[in-house]
Structure formats: structure tokens, C-alpha cells
Amino acid sequence: MLLSKSRAWAEIDLGRIAHNVEEVRKLIPKQSKIMGIVKANAYGHGDVECARALQACGVDFFGVSSVDEAMHLRMNGIDSKILILGYTPPEHFSQLVKYDLIQTLVDLPYAKKLDAYAQANDCVIQAHAKADTGMNRIGVVVQDETYHIEELFAMYAMKHVHVCGIFSHFSVSDSQDEDDLRYTRHQIELFDRVLADLRAAGVDPGTTHLQNSYGILNYPDLCYDYVRPGLLYMGVTSDDAIKINTDPHFLPILSLKANVTMVKWLHEGDSVSYGRHFRAKRKTKVATVSIGYADGVPRELSNQDFEVLLHGRRVKIIGNICMDQMMLDVTEEDDVKEGDIVTLIGEDGGAIASVDAMSRASHTINNETLTRFSVRLPRIYKKQG
Ligand SMILES: *Cc1c(COP(=O)(O)O)cnc(C)c1O
């Protein structure tokens, strides 16, 4: 049990999901639908809460990374279609049947194993075939030199695995580099060639889908049955510095906040935190804040003048960030006191602290920053924007 707003917390504005879903819908063709990717606890935003908010917007299909994540949705009343985007080990095949889940076919030997299991247990398991057009992670390889369409035919011919869809995944859809643009275009061609070859042989490919968030932003005109956004309904991209082809207006749904626990004055020359890397050059007022790297704040933000918000103004982190606490220089701020709220991500009095700034300063992408926010942080849900 987590007490709300006890020391540090994340606020999730579910009302903004509806706005973000509409922004996605404005980009894509009318016929295409949205598969909400809620893997990794919806990148830390809360899988069940996000799935419910997405369902309220008409989203009828969800993608997760594992059978455990899918079961968590089912146990919390999410009854839409669920695709497991990754591998399910054979010892958990029974859960696919029990919870009515759709399994991704990693490769042909894996599909055969699943088919044998279903036959032995006298059931039919729903699956989507994965076509590997260039990511080289999972899927039947359908690339120039190794175009294994026959393996896909074999999957579709299975009696106890019902292949009701097929998908692929982009590896550089975020890039505007000439070579990367060519690579992505080729991935699209290969996927289309697979669909054409299946249809020419009288095989119905079923539900088709290809685009993740950057696939939607940079290739919005592609027309498959579904698109698979994660980040976009959360209102962010991986990295705001990356140029995109479209101009949507997304609203970030997550804020990260913590309490000031103590305020004191340092003398010139006094140090702050482990390693004594910060030394006061003047009389300095310090606020201690109850959030640290165990909550998912990157320790890399230490000692680089990284700014967070207090009273609607920007203040700097000083000294090493600790596991559960960190310190701010609040010399210029009046009336700072215990219980004041510090905003690490979000809005405070018109000022904005973005997850993007945090990611850039810690040399990673927003996907990683968001998914690292720990289970220790209570998530507080707001229904309206
Ligand atoms: C994670 C994932 C997505 C969603 O990616 P975003 O960049 O967050 O939109 C889509 N498809 C697959 C296969 C994924 O693994």
C-alpha cells in the first residue's frame, strides 16, 4: 500500500489520453485503428488505468510484451483483444488459452511448438505472425537474400494455431537520414510484398499492422488495419530534438513531483551530499527534497546545474543525487518551506519541466526515463485535463 503524496509521486492525467488519441487519429487514415501499447506498465504510467482510458476512446486492441502483463490486464477486467508482442515460454502456453490471448509467432520452430501444444490440448490458439523486414530481433526473416515466405505459409496452414494477423516493426522510422529513409521504405516494401504473396496464394493475412509512434509521425499515410502507438498517447516522443514530418500537438500525461523536507542555510565553503562535489561559493539556502535515484531520477543529473521547478521558478539540483533524496539551491527563493512541492516533470505556474530535458541531460531517450520510474512512486490519477 502506497500513501499518496507521501514523499514523491507521479501524477497521470488520463483526460489528456483522449486528446492524444484524437491527435493520432487526425494523422492516420480513417480505416486504420489504434492498438494501444501498454507494455512495461504502460511505460510506467499504469497499464490498467491507461488501457481503461484508451478503451473509453474506442481503442479495442492492446499490445503487451509478456504473458504476465497480459494476465494483469485480464485480471483487472480488460476484455479487449490482447497481443503479446514478445516470446511466451512453452511452460506458460496454457495461460494463452485460459486468458484468451493472441501470441506473436517468433519463428517457425516456435510456431510448431505452439501448434503441437494446442493439438495435444485439443484447443486453438490465436496468433499473429511476425515478419522481420529488417529489425533482426524476432520474426520470420523476409529480407532480400533470405525471403522465407514459405515459413509464413507454413504458419498460416497450421490447424491448431490460428494466424489471425501479421505485423512487422521499424528500426529507424525516427530518422531523416537518407540511408535510413531508404531502409524504412524498403521495410515497407518487404511487408507489402509479404501481404501480396500471401493474398496471391489465397491466404488471408488477417489483421495487418506496422507502425509504432515514429512510424505514425513520419509515415502517416500508410494504411494497415492498425497502428501501434505507445509514447504518442502518453503525449511524448522519444526525443524532441528529432525532426518529424508531421506537426501534431500532444500533451504529456505524466508529472513527477516530490516534497521539500527541510530548508537550511550553508556557509561559504560548506559541501553538499556524497562526494562533497558541491561547495557553496556564498551563503547558500538549501532545500532537501524526498526523491532520488531509487525513484528513477537519473543519478547522472547530479552536479550539472540541472533545473527543476519550485514556486513556478527554475532551481538547480546541487550535489550528488542520493538514493531517496536530493538537494536544491533555493538561495534566490523566498518562503521555501517543508511541504512545498517540487516539480521534476510537469507544469508549475506556467513554467514547464519536460521529461525530454531530463532524458537529454542523462543521455537517454524518454522511453527509458519513463520506464525507469520505480514502483515505489505512487501514481495519482487525474480524470480531467
Ligand atoms: C514498444 C512497441 C511499440 C510502441 O512503440 P512506441 O515507440 O512507444 O510507439 C510498437 N510495436 C512494437 C512491436 C513494440 O515493441
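Quick caveat, the model's predicted, so the values are computed rather than measured. (Residues numbered from 1 in each chain as written. Predicted model: local features only at pLDDT ≥ 70, side-chain atom pairs only at ≥ 80, totals over all residues. Heavy atoms only, no water.)

1. Remarks on the overall build of the protein chain
Across its full length, the protein chain holds eleven helices and 20 strands. Taking the principal axes of its C-alpha atoms as reference, the protein chain extends roughly 80 × 45 × 40 Å. Sequence-distant contacts in the protein chain: of pairs separated by 6 or more residues, those separated by 24 or more amount to 67%. Of the roughly 17200 Å² of accessible surface on the protein chain, 50% is carried by carbon and sulfur atoms. Charge centroids of the protein chain, computed over 42 positive and 52 negative side chains, lie 5 Å from each other. (Helix = DSSP H or I, 4+ residues; strand = E, 2+ residues; numbered from the N terminus. Contact = heavy atoms within 4.5 Å. Areas by Shrake-Rupley, 256 points an atom, 1.4 Å probe, with all protein chains shown as cover. Lys, Arg positive; Asp, Glu negative; His and termini not counted. Charge placed at Lys NZ, Arg CZ, Asp CG, Glu CD.)

2. Observations concerning the pairing of strand S17 (residues 326-329)
Neither face of S17 is left uncovered, since the one carrying Met 326 and Leu 328 and the one carrying Met 327 and Asp 329 both have all their residues buried. Where strand S14 (residues 284-289) meets S17, four bridges bridge the pair, whose relative direction is antiparallel. Within the sheet, the bridge partner assigned to Val 289 lies in S17 and is Met 326. Where strand S16 (residues 313-318) and S17 come together, three bridges link them in antiparallel fashion. What sits directly across from Ile 318, in S17, is Met 327. (Buried < 20%, exposed > 50% of the residue type's maximum accessible area, 1.4 Å probe, protein only. Pairing = 2+ DSSP bridges.)

3. A closer look at the site of the ligand
Close contacts around the ligand come from Ile 37, Lys 39, Tyr 43, Arg 137, His 169, Asn 212, Ser 213, Arg 228, Pro 229, Gly 230 and Leu 231, and that covers them all. Note that an oxygen atom of the ligand is positioned 2.5 Å from one of the side-chain N or O atoms of Ser 213. Contacts to the ligand include Gly 230, whose backbone N or O atom sits 2.9 Å from an oxygen atom. Against a free-state accessible area of 390 Å², the protein chains account for coverage of 91% of the ligand. Its residues assigned to classes, the shell around the ligand comprises four nonpolar, four polar and three charged. (Near = heavy atom within 4 Å. Polar contact = N/O pair within 3.5 Å; in protein donor to acceptor, adjacent residues only side chain to side chain. Nonpolar A, V, L, I, M, F, W, Y, C, P; charged D, E, K, R; others polar.)

4. Description of the pattern of salt bridges
Taken as a whole, this structure holds 18 salt bridges when the rule is applied. Salt-bridge contacts for Arg 360 lead to Asp 356; the nearest nitrogen and oxygen are separated by 2.8 Å. Here the residue Arg 360 and the residue Asp 356 both occupy positions in helix H10 (residues 355-361), the gap between them amounting to four residues, near one helical turn. Owing to a relative accessible area of 43%, Arg 360 belongs among the partly exposed residues under this scheme. When salt bridges that share partners are traced, they join Arg 7, Asp 295, Asp 324 and Arg 376 into one network. (Salt bridge = Lys/Arg side-chain N within 4 Å of Asp/Glu carboxyl O.)

5. Points about empty space enclosed by the protein
Applying the stated criterion across every chain, the model contains one cavity of 30 Å³ or more. Taken as a whole, the largest cavity holds about 40 Å³ of empty space. Looking at the lining of the largest cavity residue by residue, the class counts come to eight nonpolar, one polar and no charged. (1 Å grid on protein atoms, 1.4 Å probe; cavity = no way out; pocket = protein on both sides within 12 Å on 5 of 7 lines; lining within 4 Å. Points joined across faces, edges and corners; volume = space filled by probe spheres on them.)

6. Considerations on helix H3 (residues 47-56)
Buried within H3 we find Asp 47, Val 48, Cys 50, Ala 51, Ala 53 and Leu 54. On the buried face of H3, the contacting elements are helix H1 (15-27), strand S2 (33-37), helix H2 (39-43), strand S3 (61-64) and helix H4 (67-75). Gly 58, located one to two residues past H3, shows a positive phi value of around 95°.

7. Section: the nonpolar core
With 116 residues, the main nonpolar core has Ile 17, Ile 166, Ile 291, Leu 328 and Leu 344 as its most contacted residues. The dominant element in this core, judged by the number of residues it contributes, is helix H8 (residues 178-200), at six residues. The next biggest cluster of nonpolar side chains, apart from the first, holds eight residues, and it includes Val 272, Phe 278, Cys 322 and Met 327. (Core = buried A, V, L, I, M, F, W, Y, C linked by side-chain atoms within 4.5 Å.)

8. Considerations on the environment of Tyr 293
Looking at the element boundaries, Tyr 293 is found in the loop between S14 and strand S15 (307-310). What makes Tyr 293 partly exposed here is its relative accessible area of 36%. Each C-alpha atom of the pair Tyr 293 and Cys 322 lies 6.3 Å from the other, and the pair is 29 residues apart in sequence. Each residue touching Tyr 293, except ones within four places of it in the same chain, is listed here: Arg 299, Ile 321, Cys 322 and Met 323.

9. Points about unusual backbone geometry
You will see that Ala 40, though not glycine, has its phi angle at about 50°, which is positive. Note on placement: Ala 40 falls in helix H2. Positive phi, normally seen in glycine, also occurs at Ala 42, with a value near 50°. In this structure, Ala 42 sits in helix H2.

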